[in-house]
Amino acid sequence: MNHPKDRDQWWKHRLETEPPLQYPAAMVNITNFCNLSCKHCFVFQNGNPNEKEDQKQETALLHQLEKIRDRHGIYGIVWMGGEPMIRWKLLEKGVKFFHKNVITTNGTIPFKDFGKNVQYVISLDGPEDINDEVRGKGVYQKVIQNIASLPQDFSCVLQVQCVAHKKNMHRLEEFVDTLRSTRINGVSFSFYSPALNEHNEYAWNNIEEREPVLDTIIHLKKKYPGYIWNSNRAI
């Protein structure tokens, strides 16, 4: 079975005869397009994805997702991009296919109430001045306005995801305290990871330089245990 054709036939037979593997969750990129160009976004480091024209058509993508869901028993899905809310009409249909849906978004496009089985993960990277330095002028206020304009009966969960980096590490508590006065249900933190051999103002020079931000997040977790959604183990 050394010939490529023989291997292809073996895999085809195996996929058709053996029970398919079951997965609880999956991720799907529904667009390469984005309305922002954040400085720390790894997608933009290798060229502008908005130039690509390989976006899958809505009907074909939804049909394929339905087949994959049924074959692999997928319960939940993460909708990613680019900026997924650019294709909110596709999302409106797609979220009905899964029990649990997470939509990653920069929050600049108005939120749609897709139902209680949908959670928005909104990217903000600190107080207004720091966030807009990374994400673009006016982005912070646009996101806050979109959150503030939600109706009282809005049913989706709202989570903020913040990338901790060298420039925002001393203002995370200020940031969290501001968000606590909004409709945001919880906050989680990740850590800026530069590309190989990349050196910039957001990256720590070593692990020791990063230690204070870990202390800050641990402190916030203790102060607001139900609001900081990182697990103790993850921190």
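Placed above this text is the structure.
From a predicted model like this one, the values you see are computed outputs, not experimental measurements.

Q: Looking at this structure, how should I read unusual backbone geometry?
A: Note: most peptide bonds trans; most residues except glycine with negative phi. In this structure, the amide linkage connecting Gly 81 to the following residue, Gly 82, adopts the cis form with an omega of 20°. Tracing the sequence through the fold places Gly 82 in the loop between β2 (76-80) and α3 (88-94).

Q: For this particular structure, what's the right way to read the nonpolar core?
A: A general tendency of soluble globular proteins is for nonpolar side chains to be buried together. Trp 79, Tyr 120, Ile 122, Ile 184 and Phe 189 are the most contacted members of the largest nonpolar core, which has 56 residues in total. When sequence neighbours within four positions are dropped, the list of residues in contact with Ile 122 reads Thr 105, Asn 106, Gly 107, Phe 111, Val 143, Ile 147, Leu 158, Gln 159, Val 160, Gln 161 and Ile 184.

Q: Would you explain the pattern of salt bridges in this entry?
A: A side chain with one charge may pair with a side chain of the opposite charge, provided their charged atoms come close. For the structure shown, the criterion picks out 10 salt bridges. The shortest N-O distance in the salt bridge between Asp 125 and Arg 135 comes to 3.0 Å. Taken together, the positions of Asp 125 in the loop between β4 (118-123) and α4 (128-135) and Arg 135 in helix α4 put the pair 10 residues apart, joining distant regions of the chain. Each of the two residues, Asp 125 as well as Arg 135, counts as buried. Between Glu 209 and Lys 166 there is a salt bridge, and its shortest N-O distance comes to 3.7 Å. Residue Glu 209 is located in helix α7 (residues 207-223), and its partner Lys 166 is located in the loop between β5 (157-164) and α6 (172-179); the two are separated by 43 residues in the primary sequence. Classification of Glu 209 as partly exposed rests on a relative accessible area of 27%. By relative accessible area, which is 32% here, Lys 166 ends up partly exposed.

Analysis parameters
- Residues numbered from 1 in each chain as written.
- Predicted model: local features only at pLDDT ≥ 70, side-chain atom pairs only at ≥ 80, totals over all residues.
- Heavy atoms only, no water.
- Helix = DSSP H or I, 4+ residues; strand = E, 2+ residues; numbered from the N terminus.
- Core = buried A, V, L, I, M, F, W, Y, C linked by side-chain atoms within 4.5 Å.
- Buried < 20%, exposed > 50% of the residue type's maximum accessible area, 1.4 Å probe, protein only.
- Contact = heavy atoms within 4.5 Å.
- Salt bridge = Lys/Arg side-chain N within 4 Å of Asp/Glu carboxyl O.

So yeah, pure geometry; function would need other evidence.
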